[in-house]
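# Reading the structure
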Amino acid sequence: MQREHPLKQFYNIIDHGSGEDKMGLIPEFPRIIELEITNHCNFQCIMCKTGTGTAKRKRGYMADETYEKLIREAAGRKIAFKFVGQGEPTLHPRFLEYIKKAKQNGVICHLTTNGSMFDKSFIGQLIDTQIDSVKFSFQGVDREGYMELRGKDDFDHLLEKIGWLYELRGEKEFPYITVATSVTNESKEEIEEFRQKCSRICDNLEIGITTLEFIDLSKIKKKQTHELLAKMKEDQTRKKRRYKCCHQVFDVITLHWNGSINACCADNDDVMVLGNLAENSIQECWNGKKEQAYREILAVNDYEKLPLCKDCYDVYGWTYQGDE
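This write-up is about the structure you can find in this document. Because the structure is a prediction, the values reported are computed rather than measured.

### Observations regarding the nonpolar core
With 72 residues, the main nonpolar core has Tyr-67, Phe-81, Phe-83 and Phe-138 as its most contacted residues. No other element matches the six residues that helix H8 (residues 155–169) contributes to this core. Not counting chain neighbours up to four residues away, the residues in contact with Phe-81 comprise Ile-33, Leu-35, Tyr-67, Leu-70, Ile-71, Ala-74, Ala-102, Val-107, Ile-108, Cys-109 and His-110. One finds Leu-7, Tyr-11, Ala-80 and Val-252 within the second-largest nonpolar core, a separate group that totals eight residues.

### A few points about unusual backbone geometry
The omega torsion of the bond from Phe-174 to Pro-175 falls at 5°, within 30 degrees of zero and hence cis. Assignment of secondary structure puts Pro-175 in the loop between H8 and strand S5 (176–183). The backbone phi angle of Asn-301 is positive, close to 55°, even though this residue is not glycine. Checked against the element boundaries, Asn-301 lands in the segment after helix H13 (289–299). Here Asn-301 falls in the partly exposed class, since its relative accessible area comes to 34%.

### A closer look at the packing of helix H4 (residues 64–74) against helix H5 (residues 95–104)
Where H4 meets H5, the axes come as close as 10 Å, and the angle between the chain directions of the two elements is 20°. Judged on the interaxial angle alone, H5 and H4 are roughly parallel. Read as a crossing pair, H4 and H5 show a hand that is right-handed. Here Asp-64, Tyr-67, Glu-68 and Ile-71 of H4 come into contact with H5, specifically with Tyr-98, Ile-99, Lys-101 and Ala-102. Looking at the contact of H4 with H5 residue by residue, the classes come out as five nonpolar, no polar and three charged.

### Section: the environment of Val-179
Following the sequence through the fold, Val-179 ends up in strand S5. Separated by 22 residues in the primary sequence, Val-179 and Ile-201 have C-alpha atoms spaced 8.9 Å apart. Residues contacting Val-179, with those up to four places away along its chain left out, are Phe-136, Phe-138, Ile-162, Phe-194, Cys-198, Cys-202, Asn-204, Leu-205 and Glu-206.

### Examining H8
With 15 residues, H8 should reach 21 Å at 1.5 Å per residue; the first-to-last C-alpha distance of 21 Å fits that figure. Of all the positions in H8, only Phe-155, Leu-158, Leu-159, Lys-161, Ile-162, Gly-163, Trp-164, Leu-165 and Arg-169 are classed as buried. Where H8 is buried, its residues contact helix H6 (120–128), strand S4 (133–137), helix H7 (143–150), S5 and helix H9 (188–199). Gly-170 lies just past H8 and shows a positive phi near 55°.

### Focus: the environment of Glu-160
The residue Glu-160 is located in helix H8 in this model. For Glu-160, a relative accessible area of 41% puts it in the partly exposed group.

### Observations concerning the pairing of S4
As defined by bridge partners, strand S3 (residues 108–113) adjoins S4 across four bridges and the pair is classed as parallel. Bridging from a neighbouring strand, His-110 pairs with Ser-133 of S4. Crossover connection from S3 via H6 to parallel S4: handedness right-handed. Where S4 and S5 come together, five bridges link them in parallel fashion. Among the inter-strand pairings, Val-134 is bridged to a residue of S5, identified as Ile-177.

Cut-offs applied
Residues numbered from 1 in each chain as written. Predicted model: local features only at pLDDT ≥ 70, side-chain atom pairs only at ≥ 80, totals over all residues. Heavy atoms only, no water. Core = buried A, V, L, I, M, F, W, Y, C linked by side-chain atoms within 4.5 Å. Buried < 20%, exposed > 50% of the residue type's maximum accessible area, 1.4 Å probe, protein only. Helix = DSSP H or I, 4+ residues; strand = E, 2+ residues; numbered from the N terminus. Contact = heavy atoms within 4.5 Å. Axes fitted to C-alpha atoms, helices over the stretch in contact; angles between N-to-C directions. Parallel < 35°, antiparallel > 145°, perpendicular 65-115°, else oblique. Left-handed = near helix turned anticlockwise from the far one by under 90°. Nonpolar A, V, L, I, M, F, W, Y, C, P; charged D, E, K, R; others polar. Expected span 1.5 Å × (residues − 1). Pairing = 2+ DSSP bridges. Right-handed = clockwise from strand over helix to strand, strands pointing away.

Shown next as structure tokens:
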């Protein structure tokens, strides 16, 4: 079966045009809501602020009344929820029910996960929700590389779990399955071997460069690896480049577990808050003066004027293509 990513219809719009172009094309409601239903995580990845414990926000789980308010506002709209954020979404005790509720109200649903909660029972229930897309987040392309940055010996088991999902999905249309990893010094041969493994169990493979902005190098025990990652971090700092256009304020909004409505998906510590779902609607924050002011600044790429944007660079977009 030929499959297409369910979010492609949104990103065909989101990923095109300059900020100035987008100023005249602001939708009345965000095309995508990046939805953090928890910022708890059962991993301690050494390049993540949640994993290293440096994120300042209180941790918790989204309340049912917050989610219900979101659903009421999103129902009937052409919109997608991306269950992502600064934690592992499947740790929320109501995760499966939340997917079901969104799908019943016509919302396209995507999950990014470390796969830790997946077993055959969970996978069967997940498929039954008719979730549209699942992305599994790896690190490296082999067991050793995964363990170095994630601190978990879960590489082989995670591949096995993805295989279960692929098999149990069978000829059903959904979910679309993506494997995403990032690399440091892996060879082209090692990357190709990983690519071959994944080609049999997923619909799409994404390989990028590991972002080391928040890495805790003190947790790297091997001297050679420590030196390599320290040099990579320095290189990334030196080679920083700006986004041509940040689509967040023009097309996407972020909702945190506590109802905080944010302009930026990378807002770990609630710096660019637009409001809170307890007192505000998504729509009024989306069309509010604060969000509009952010748009006017970013339409001309004046990153230095905003607290998060001044330190934001296109690192995730780097692909493993040498010095291009």
